[in-house]
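# Report on the structure
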Amino acid sequence: MLPNLDPAVIAARIEELRRQLGSRVTILGHHYQDDSVIKHVDIRGDSLELARKVEDIESENIVFCGVYFMAESAALLARPGQKVYLPEMSANCVMAQMAPADYVETVLEKCNRHRKVIPLTYVNSSVAVKGVAGKFGGAVCTSANAEKMMRWALGQGDAVLFLPDKNLGWNTADLLGIPESERHLLTIRKNGAEMDMDAVNNARLLLWPGCCAIHARFNVRQVESRRKENPGCRVVVHPESSPAVVAKADAAGSTSYIIKYVEAAKKGDTIVIGTEINLVERLMEQYKDTLKIVPLLESECSHMDRTKPLNLQMALESIADPGNPAWPSCIVTVDPVVAANAKLCLDRMLKEMQ
Ligand code: 13P
Ligand code: SF4
(Lines give C-alpha, C1' and ligand atoms only; values in the text may rest on other atoms or scores of the structure.)
(Ligands and ions follow the chains in the order given, each with its own letter.)
Protein backbone atom coordinates (compact mmCIF):
# COMPACT_ATOMS: atom_id res chain seq x y z
CA MET A 1 0.00 0.00 0.00
CA LEU A 2 1.35 3.45 -0.91
CA PRO A 3 1.91 5.74 2.08
CA ASN A 4 -0.43 8.70 2.57
CA LEU A 5 1.35 11.73 1.05
CA ASP A 6 -0.70 14.42 2.77
CA PRO A 7 1.91 16.54 4.68
CA ALA A 8 -0.39 16.86 7.70
CA VAL A 9 -0.90 13.08 7.85
CA ILE A 10 2.87 12.47 7.55
CA ALA A 11 3.64 15.00 10.31
CA ALA A 12 1.01 13.44 12.60
CA ARG A 13 2.35 9.92 11.95
CA ILE A 14 5.93 11.07 12.72
CA GLU A 15 4.78 12.48 16.05
CA GLU A 16 2.82 9.30 16.80
CA LEU A 17 5.91 7.18 16.08
CA ARG A 18 8.08 9.45 18.24
CA ARG A 19 5.63 8.98 21.13
CA GLN A 20 5.49 5.24 20.56
CA LEU A 21 9.29 4.85 20.38
CA GLY A 22 9.91 7.24 23.27
CA SER A 23 13.47 7.07 24.62
CA ARG A 24 14.38 4.34 22.10
CA VAL A 25 15.04 7.01 19.47
CA THR A 26 16.77 10.40 19.30
CA ILE A 27 16.39 12.53 16.18
CA LEU A 28 19.19 14.94 15.24
CA GLY A 29 18.91 17.64 12.57
CA HIS A 30 21.36 20.04 10.94
CA HIS A 31 20.36 23.71 10.66
CA TYR A 32 20.12 23.40 6.85
CA GLN A 33 17.20 20.98 7.02
CA ASP A 34 13.81 22.22 5.89
CA ASP A 35 11.35 23.37 8.61
CA SER A 36 9.03 20.48 7.79
CA VAL A 37 11.78 18.13 9.02
CA ILE A 38 13.46 20.29 11.67
CA LYS A 39 10.21 20.64 13.63
CA HIS A 40 10.40 16.93 14.49
CA VAL A 41 14.01 16.78 15.73
CA ASP A 42 15.10 16.42 19.37
CA ILE A 43 18.48 18.08 18.88
CA ARG A 44 19.34 20.59 16.21
CA GLY A 45 22.75 22.14 15.68
CA ASP A 46 25.78 22.78 13.52
CA SER A 47 28.21 20.00 12.62
CA LEU A 48 30.32 20.46 15.73
CA GLU A 49 27.40 20.64 18.17
CA LEU A 50 25.79 17.53 16.69
CA ALA A 51 29.03 15.53 16.73
CA ARG A 52 29.60 16.49 20.37
CA LYS A 53 26.08 15.49 21.38
CA VAL A 54 26.26 11.95 19.93
CA GLU A 55 28.40 10.53 22.75
CA ASP A 56 25.79 11.54 25.35
CA ILE A 57 22.86 9.92 23.56
CA GLU A 58 21.60 6.80 25.31
CA SER A 59 18.83 5.70 22.95
CA GLU A 60 19.58 2.65 20.89
CA ASN A 61 18.54 4.42 17.66
CA ILE A 62 19.88 7.75 16.35
CA VAL A 63 18.16 9.23 13.32
CA PHE A 64 20.33 11.86 11.62
CA CYS A 65 18.56 14.37 9.39
CA GLY A 66 21.47 15.79 7.42
CA VAL A 67 23.93 14.49 4.85
CA TYR A 68 25.95 11.28 4.64
CA PHE A 69 29.23 12.41 6.24
CA MET A 70 27.32 13.65 9.31
CA ALA A 71 25.63 10.28 9.82
CA GLU A 72 28.98 8.54 9.27
CA SER A 73 30.57 10.66 12.01
CA ALA A 74 27.64 9.83 14.29
CA ALA A 75 28.10 6.11 13.51
CA LEU A 76 31.79 6.43 14.45
CA LEU A 77 30.95 8.06 17.76
CA ALA A 78 27.94 5.87 18.59
CA ARG A 79 28.11 3.31 21.40
CA PRO A 80 28.34 -0.41 20.61
CA GLY A 81 24.88 -1.64 19.63
CA GLN A 82 23.54 1.81 18.79
CA LYS A 83 22.23 2.20 15.24
CA VAL A 84 22.47 5.38 13.14
CA TYR A 85 19.90 6.05 10.42
CA LEU A 86 20.12 8.54 7.54
CA PRO A 87 16.50 8.89 6.35
CA GLU A 88 17.54 9.64 2.74
CA MET A 89 20.66 7.64 1.90
CA SER A 90 21.44 9.63 -1.28
CA ALA A 91 21.85 12.89 0.71
CA ASN A 92 25.54 13.61 0.29
CA CYS A 93 27.86 16.62 0.37
CA VAL A 94 29.21 17.84 -2.95
CA MET A 95 32.33 19.20 -1.26
CA ALA A 96 33.07 15.94 0.57
CA GLN A 97 32.88 14.15 -2.78
CA MET A 98 35.70 16.37 -4.09
CA ALA A 99 38.21 14.51 -1.92
CA PRO A 100 38.24 10.78 -2.76
CA ALA A 101 40.17 8.85 -0.08
CA ASP A 102 42.60 7.15 -2.48
CA TYR A 103 43.59 10.55 -3.95
CA VAL A 104 44.06 12.01 -0.48
CA GLU A 105 46.29 9.10 0.53
CA THR A 106 48.48 9.37 -2.59
CA VAL A 107 48.86 13.12 -2.18
CA LEU A 108 49.69 12.79 1.53
CA GLU A 109 52.32 10.14 0.82
CA LYS A 110 54.00 12.49 -1.67
CA CYS A 111 53.81 15.46 0.70
CA ASN A 112 55.33 13.42 3.54
CA ARG A 113 58.39 12.19 1.64
CA HIS A 114 60.76 14.81 3.02
CA ARG A 115 58.96 16.24 6.03
CA LYS A 116 55.96 15.82 8.28
CA VAL A 117 52.73 17.16 6.80
CA ILE A 118 49.72 16.90 9.10
CA PRO A 119 46.28 16.57 7.46
CA LEU A 120 43.46 18.61 8.91
CA THR A 121 40.22 17.43 7.39
CA TYR A 122 37.04 19.43 7.54
CA VAL A 123 34.27 17.26 8.99
CA ASN A 124 32.65 17.55 5.54
CA SER A 125 34.65 14.56 4.29
CA SER A 126 34.01 10.84 4.00
CA VAL A 127 34.86 8.49 6.85
CA ALA A 128 37.48 6.95 4.54
CA VAL A 129 39.23 10.34 4.28
CA LYS A 130 39.06 10.73 8.06
CA GLY A 131 40.67 7.28 8.29
CA VAL A 132 43.54 8.34 6.01
CA ALA A 133 43.97 11.62 7.95
CA GLY A 134 43.99 9.69 11.23
CA LYS A 135 46.72 7.40 9.92
CA PHE A 136 48.90 10.42 9.07
CA GLY A 137 48.52 11.90 12.59
CA GLY A 138 45.81 14.38 11.58
CA ALA A 139 42.50 15.53 12.99
CA VAL A 140 39.05 16.71 12.01
CA CYS A 141 37.80 20.29 12.30
CA THR A 142 34.48 22.00 11.70
CA SER A 143 33.75 25.55 10.63
CA ALA A 144 33.21 26.38 14.34
CA ASN A 145 36.73 25.36 15.44
CA ALA A 146 38.89 25.54 12.30
CA GLU A 147 41.08 28.31 13.76
CA LYS A 148 41.83 26.38 16.94
CA MET A 149 42.41 23.12 15.09
CA MET A 150 44.66 24.68 12.45
CA ARG A 151 46.79 26.14 15.24
CA TRP A 152 46.91 22.66 16.78
CA ALA A 153 47.87 21.01 13.47
CA LEU A 154 50.62 23.56 12.79
CA GLY A 155 52.17 22.55 16.11
CA GLN A 156 52.28 18.85 15.19
CA GLY A 157 54.58 18.89 12.17
CA ASP A 158 56.33 20.96 9.49
CA ALA A 159 53.21 21.83 7.50
CA VAL A 160 49.47 21.26 7.32
CA LEU A 161 47.33 19.90 4.50
CA PHE A 162 43.84 21.36 4.89
CA LEU A 163 41.07 19.58 3.02
CA PRO A 164 38.70 19.52 1.21
CA ASP A 165 37.57 23.18 1.45
CA LYS A 166 40.12 25.63 0.05
CA ASN A 167 37.93 28.56 1.14
CA LEU A 168 37.62 27.57 4.78
CA GLY A 169 41.35 26.77 4.77
CA TRP A 170 42.27 30.14 3.26
CA ASN A 171 39.88 32.10 5.49
CA THR A 172 41.25 30.34 8.57
CA ALA A 173 44.84 31.07 7.50
CA ASP A 174 43.83 34.75 7.26
CA LEU A 175 42.61 34.63 10.87
CA LEU A 176 45.90 33.07 11.98
CA GLY A 177 47.98 35.57 9.98
CA ILE A 178 49.74 32.92 7.88
CA PRO A 179 51.38 34.89 5.04
CA GLU A 180 49.99 34.14 1.57
CA SER A 181 53.54 33.31 0.45
CA GLU A 182 53.45 30.33 2.85
CA ARG A 183 50.23 28.88 1.36
CA HIS A 184 50.00 26.62 -1.65
CA LEU A 185 46.87 25.47 -3.49
CA LEU A 186 47.51 21.89 -4.59
CA THR A 187 47.03 20.59 -8.10
CA ILE A 188 45.58 17.13 -7.63
CA ARG A 189 44.90 16.27 -11.25
CA LYS A 190 46.12 12.84 -12.40
CA ASN A 191 46.24 11.56 -8.84
CA GLY A 192 48.79 14.17 -7.81
CA ALA A 193 51.18 13.50 -10.73
CA GLU A 194 51.18 17.23 -11.63
CA MET A 195 51.92 18.50 -8.11
CA ASP A 196 54.54 21.25 -7.97
CA MET A 197 56.82 19.52 -5.43
CA ASP A 198 59.05 22.57 -4.88
CA ALA A 199 56.03 24.63 -3.86
CA VAL A 200 54.64 21.72 -1.81
CA ASN A 201 57.90 21.27 0.12
CA ASN A 202 58.21 24.98 0.90
CA ALA A 203 54.67 25.80 1.99
CA ARG A 204 53.42 25.79 5.57
CA LEU A 205 49.81 25.40 4.52
CA LEU A 206 48.72 23.17 1.65
CA LEU A 207 45.14 23.54 0.47
CA TRP A 208 43.04 20.90 -1.25
CA PRO A 209 41.21 22.50 -4.19
CA GLY A 210 37.65 21.65 -3.08
CA CYS A 211 34.77 23.98 -2.28
CA CYS A 212 31.06 24.08 -1.52
CA ALA A 213 29.01 24.76 -4.64
CA ILE A 214 26.29 26.37 -2.52
CA HIS A 215 28.58 28.94 -0.86
CA ALA A 216 30.65 29.41 -4.03
CA ARG A 217 27.61 31.16 -5.55
CA PHE A 218 28.17 34.16 -3.30
CA ASN A 219 30.24 36.98 -4.76
CA VAL A 220 31.44 40.47 -3.95
CA ARG A 221 28.95 42.10 -6.36
CA GLN A 222 26.05 40.63 -4.38
CA VAL A 223 27.51 41.97 -1.11
CA GLU A 224 27.79 45.43 -2.66
CA SER A 225 24.25 45.32 -4.08
CA ARG A 226 22.70 44.19 -0.76
CA ARG A 227 24.58 47.00 1.04
CA LYS A 228 23.29 49.57 -1.46
CA GLU A 229 19.71 48.26 -1.15
CA ASN A 230 19.90 48.13 2.68
CA PRO A 231 21.85 51.14 3.97
CA GLY A 232 23.37 50.47 7.39
CA CYS A 233 22.96 46.69 7.14
CA ARG A 234 25.52 44.21 8.43
CA VAL A 235 26.62 41.21 6.40
CA VAL A 236 27.42 37.83 7.97
CA VAL A 237 28.55 34.85 5.90
CA HIS A 238 29.61 31.24 6.36
CA PRO A 239 33.41 30.77 6.02
CA GLU A 240 32.90 28.31 3.15
CA SER A 241 32.34 31.51 1.12
CA SER A 242 35.26 32.81 -0.94
CA PRO A 243 37.94 34.88 0.84
CA ALA A 244 36.87 37.90 -1.25
CA VAL A 245 33.30 37.63 0.09
CA VAL A 246 34.50 37.07 3.67
CA ALA A 247 36.74 40.16 3.36
CA LYS A 248 33.73 42.26 2.29
CA ALA A 249 31.47 40.90 5.07
CA ASP A 250 31.24 42.24 8.62
CA ALA A 251 31.54 38.78 10.14
CA ALA A 252 31.96 35.13 9.19
CA GLY A 253 31.29 31.97 11.15
CA SER A 254 29.60 28.58 11.36
CA THR A 255 25.84 28.16 11.16
CA SER A 256 25.57 28.43 14.96
CA TYR A 257 27.74 31.53 14.90
CA ILE A 258 25.34 33.09 12.36
CA ILE A 259 22.35 32.22 14.57
CA LYS A 260 24.03 33.83 17.60
CA TYR A 261 24.96 36.88 15.50
CA VAL A 262 21.29 37.36 14.63
CA GLU A 263 20.20 36.72 18.24
CA ALA A 264 22.54 39.51 19.38
CA ALA A 265 21.19 42.08 16.89
CA LYS A 266 19.17 45.08 18.08
CA LYS A 267 15.52 45.65 17.21
CA GLY A 268 15.26 47.28 13.77
CA ASP A 269 18.67 46.05 12.54
CA THR A 270 19.10 44.71 9.03
CA ILE A 271 21.25 41.61 8.63
CA VAL A 272 22.27 40.17 5.28
CA ILE A 273 23.10 36.46 5.56
CA GLY A 274 25.25 34.44 3.18
CA THR A 275 24.55 30.79 3.83
CA GLU A 276 22.15 28.00 2.87
CA ILE A 277 18.64 29.32 2.32
CA ASN A 278 16.73 26.99 4.68
CA LEU A 279 18.56 28.48 7.67
CA VAL A 280 18.17 32.05 6.37
CA GLU A 281 14.42 31.60 5.83
CA ARG A 282 13.99 30.12 9.32
CA LEU A 283 15.71 33.15 10.84
CA MET A 284 13.62 35.50 8.66
CA GLU A 285 10.45 33.90 10.01
CA GLN A 286 11.70 33.75 13.61
CA TYR A 287 12.70 37.44 13.70
CA LYS A 288 10.06 38.86 11.32
CA ASP A 289 8.71 41.25 13.98
CA THR A 290 12.04 42.68 15.14
CA LEU A 291 14.71 42.42 12.41
CA LYS A 292 15.01 42.69 8.68
CA ILE A 293 16.86 39.62 7.46
CA VAL A 294 17.91 39.47 3.83
CA PRO A 295 19.52 36.52 2.02
CA LEU A 296 22.75 37.46 0.26
CA LEU A 297 21.41 35.17 -2.46
CA GLU A 298 18.91 32.29 -2.36
CA SER A 299 21.25 29.32 -2.43
CA GLU A 300 19.92 25.90 -1.53
CA CYS A 301 21.84 22.71 -0.72
CA SER A 302 19.91 20.25 -2.84
CA HIS A 303 21.37 17.33 -0.89
CA MET A 304 20.27 18.72 2.47
CA ASP A 305 16.87 19.21 0.89
CA ARG A 306 16.58 15.55 -0.14
CA THR A 307 15.42 14.51 3.33
CA LYS A 308 11.67 14.97 3.34
CA PRO A 309 9.23 14.27 6.17
CA LEU A 310 8.23 11.07 4.38
CA ASN A 311 11.84 9.82 4.60
CA LEU A 312 11.88 10.57 8.30
CA GLN A 313 8.57 8.75 8.72
CA MET A 314 9.94 5.68 6.88
CA ALA A 315 13.08 5.64 9.04
CA LEU A 316 10.94 5.70 12.18
CA GLU A 317 8.59 3.03 10.78
CA SER A 318 11.62 0.80 10.17
CA ILE A 319 12.64 1.19 13.82
CA ALA A 320 9.14 0.52 15.12
CA ASP A 321 8.60 -2.44 12.80
CA PRO A 322 12.06 -3.95 12.10
CA GLY A 323 12.41 -6.54 9.37
CA ASN A 324 9.31 -5.38 7.47
CA PRO A 325 10.49 -5.06 3.80
CA ALA A 326 8.00 -2.19 3.29
CA TRP A 327 10.51 0.14 4.99
CA PRO A 328 13.77 0.85 3.14
CA SER A 329 16.91 0.22 5.19
CA CYS A 330 18.76 3.42 5.97
CA ILE A 331 21.26 2.31 8.59
CA VAL A 332 24.73 3.84 8.15
CA THR A 333 27.62 1.57 9.07
CA VAL A 334 31.36 2.15 9.00
CA ASP A 335 33.91 -0.39 7.81
CA PRO A 336 35.73 -1.49 11.01
CA VAL A 337 39.14 -1.33 9.27
CA VAL A 338 38.58 2.36 8.45
CA ALA A 339 36.79 3.08 11.72
CA ALA A 340 39.79 2.84 14.08
CA ASN A 341 41.85 5.57 12.33
CA ALA A 342 38.82 7.70 11.52
CA LYS A 343 37.73 7.66 15.17
CA LEU A 344 41.25 8.60 16.23
CA CYS A 345 41.03 11.56 13.83
CA LEU A 346 37.63 12.68 15.14
CA ASP A 347 38.58 12.11 18.79
CA ARG A 348 41.65 14.36 18.39
CA MET A 349 39.27 17.22 17.61
CA LEU A 350 36.84 16.38 20.41
CA LYS A 351 39.74 16.19 22.90
CA GLU A 352 41.03 19.62 21.81
CA MET A 353 37.52 21.02 22.32
CA GLN A 354 37.24 19.89 25.96
P1 13P B 1 28.40 24.00 9.96
O2 13P B 1 29.71 23.41 10.36
O3 13P B 1 28.35 25.46 10.16
O4 13P B 1 27.28 23.27 10.56
O5 13P B 1 28.26 23.84 8.38
C6 13P B 1 28.19 22.61 7.78
C7 13P B 1 28.00 22.75 6.35
O8 13P B 1 27.82 21.78 5.65
C9 13P B 1 28.07 24.08 5.78
O10 13P B 1 27.85 24.03 4.43
FE1 SF4 C 1 28.15 20.16 1.64
FE2 SF4 C 1 27.84 22.69 0.86
FE3 SF4 C 1 25.69 21.18 1.29
FE4 SF4 C 1 27.21 22.01 3.35
S5 SF4 C 1 25.99 23.27 1.97
S6 SF4 C 1 26.40 19.95 3.03
S7 SF4 C 1 29.26 21.93 2.39
S8 SF4 C 1 27.28 20.84 -0.30
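It should be noted that the structure appears before, not after, this text.
Because the structure is a prediction, the values reported are computed rather than measured. (Residues numbered from 1 in each chain as written. Chains lettered and ligands numbered in written order. Predicted model: local features only at pLDDT ≥ 70, side-chain atom pairs only at ≥ 80, totals over all residues. Heavy atoms only, no water.)

### Topic: the environment of Met 95
Using the following cut-off: Starting at the N terminus, helices and strands are each numbered in turn, a helix being any DSSP run of H or I of at least four residues and a strand any DSSP run of E of at least two. In what follows, residue pairs with any heavy atoms lying within 4.5 Å of each other are defined as contacts.
Residue position: Met 95 is located in the loop between strand S4 (83–85) and helix H5 (101–111). Met 95 sits 56 residues away from Lys 39 along the chain, and the two C-alpha atoms are 27 Å apart. Look past the residues within four positions of Met 95 in its chain and what remains in contact with it is Tyr 122, Asn 124, Pro 164, Asp 165, Cys 211, Cys 212 and Glu 240.

### Things to note about helix H13 (residues 277–286)
Cut-off, in case you're wondering: Here's how the labels work: a residue is buried when its accessible area is under 20% of the maximum for its type, exposed when over 50%, partly exposed in between, all with a 1.4 Å probe on protein chains only. For the purposes of these results, a polar contact is taken to be a pair of N or O atoms within 3.5 Å, where, inside protein, one atom must be able to donate a hydrogen and its partner to accept one; residues adjacent in sequence count only when each atom of the pair is a side-chain atom.
Inspection of H13 places Ile 277, Asn 278, Leu 279, Val 280, Arg 282 and Leu 283 among the buried residues, and these make up the whole buried set. Taken together, the buried residues of H13 touch helix H2 (35–38), strand S2 (43–45), helix H12 (255–263), strand S12 (270–274) and strand S13 (292–295). Capping the start of H13, Glu 276 holds a side-chain oxygen 2.8 Å from the backbone nitrogen of Asn 278, two or three residues further along.

### Regarding the environment of Gly 66
With respect to the helices and strands, Gly 66 occurs in the loop between strand S3 (61–65) and helix H4 (68–77). The exposure class of Gly 66 is buried, given its relative accessible area of 0%. Separated by 21 residues in sequence, Gly 66 and Pro 87 have C-alpha atoms that sit 8.6 Å apart. For Gly 66, the contacting residues outside a window of four places in its chain are Gln 33, Leu 86, Ala 91, Met 304 and Thr 307.

### Structural notes on the site of ligand 1
Where we set the bar: A molecule or strand has a residue near it when one of that residue's heavy atoms lies within 4 Å. All accessible areas in this document rest on Shrake-Rupley with a 1.4 Å probe, and a residue is counted as covered only by the protein chains that are shown. Residue polarity follows a fixed list, in which Ala, Val, Leu, Ile, Met, Phe, Trp, Tyr, Cys and Pro are nonpolar, Asp, Glu, Lys and Arg are charged, and the others, Gly among them, are polar.
Near ligand 1, the surroundings consist of His 30, Tyr 32, Asp 46, Ser 47, Asn 124, Ser 143, His 215, His 238, Glu 240, Ser 254 and Thr 255. Taking Glu 240, its side chain carries an N or O atom lying 2.9 Å from an oxygen atom of ligand 1. A total of 310 Å² of accessible area belongs to ligand 1 in isolation, and the protein chains cover 96% of it. Of the residues contributing to the shell around ligand 1, the split by class is one nonpolar, eight polar and two charged.

### Regarding the packing of aromatic side chains
Quick note on the threshold: Note on aromatic contacts: the rings of Phe and Tyr and the six-membered ring of Trp form a pair at centre separations within 6.5 Å, being stacked when their planes are under 30 degrees apart, edge-to-face when over 60 apart, and tilted otherwise. Put simply, a charge is over a ring when the Lys NZ or the Arg CZ is close to the ring centre, within 6 Å, and near the line of the ring normal, within 35 degrees.
Across all of its chains, the model carries one aromatic pair by this definition. The aromatic ring of Trp 170 is capped on one face by Arg 183, whose charged end is 4.4 Å from the ring centroid.

### Let's talk about the nonpolar core
So the rule is basically this: Among buried residues, those of type Ala, Val, Leu, Ile, Met, Phe, Trp, Tyr and Cys that are joined through side-chain atoms within 4.5 Å constitute a nonpolar core.
One finds Leu 120, Ile 273 and Leu 283 to be the most contacted residues of the largest nonpolar core, which totals 76 residues. It is H4 that provides the largest number of residues to this core, a total of seven residues. Setting aside anything within four residues of it in sequence, one finds Leu 283 in contact with Ile 258, Ile 259, Val 262, Ile 273 and Ile 293. Ranked by size, the runner-up nonpolar core spans 20 residues in total, among them Val 107, Ile 188, Ala 203 and Trp 208.

### So, the sheet that holds strand S11 (residues 251–252)
For clarity, the threshold we go by: Two strands qualify as a pair provided DSSP detects at least 2 bridges between them.
If you walk across this open sheet you meet the four strands as S11-S10-S12-S13, and the pairing is parallel. Strand pairing shows two members of the sheet lacking a second neighbour, S11 and S13, which therefore form its edges. Relative to S13, S12 runs parallel, the two sharing four bridges. Each bridged residue has a counterpart across the sheet, and for Thr 270 the counterpart in S13 is Lys 292.

### What about the sheet that holds S2?
In a beta sheet, neighbouring strands pair by backbone hydrogen bonds and run either parallel or antiparallel. To keep it simple, the criterion reads: Helix axes use the C-alpha atoms of the stretch in contact, all axes being lines fitted to C-alpha atoms, and the angles between their N-to-C directions lie in the range 0 to 180 degrees.
The sheet built from four strands is open, its strands ordered S2-S1-S3-S4 with parallel pairing. The sheet is open, and its two borders are formed by S2 and S4, each paired with just one other strand. In this sheet, neighbouring strand axes are inclined to one another by 20° on average, regardless of whether the strands run parallel or antiparallel. Bridge count for strand S1 (residues 25–30) against S3 is five bridges, and the pairing is parallel. If you follow Ile 27 over to S3, its bridge partner there is Val 63. Helix-sheet contacts for helix H3 (residues 47–54) involve S1, S2 and S3, and the interaxial angle to S2 is about 145°.

### A short note on the side chain of His 238
Topologically, His 238 is positioned in the loop between strand S10 (234–237) and helix H11 (243–248). Residue classification places His 238 among the buried positions, given a relative accessible area of 3%. With residues near it in sequence (within four places) discarded, His 238 still touches Tyr 32, Tyr 122, Ser 143, His 215, Val 246, Gly 253, Ser 254, Thr 255, Ile 258, Gly 274 and Thr 275.

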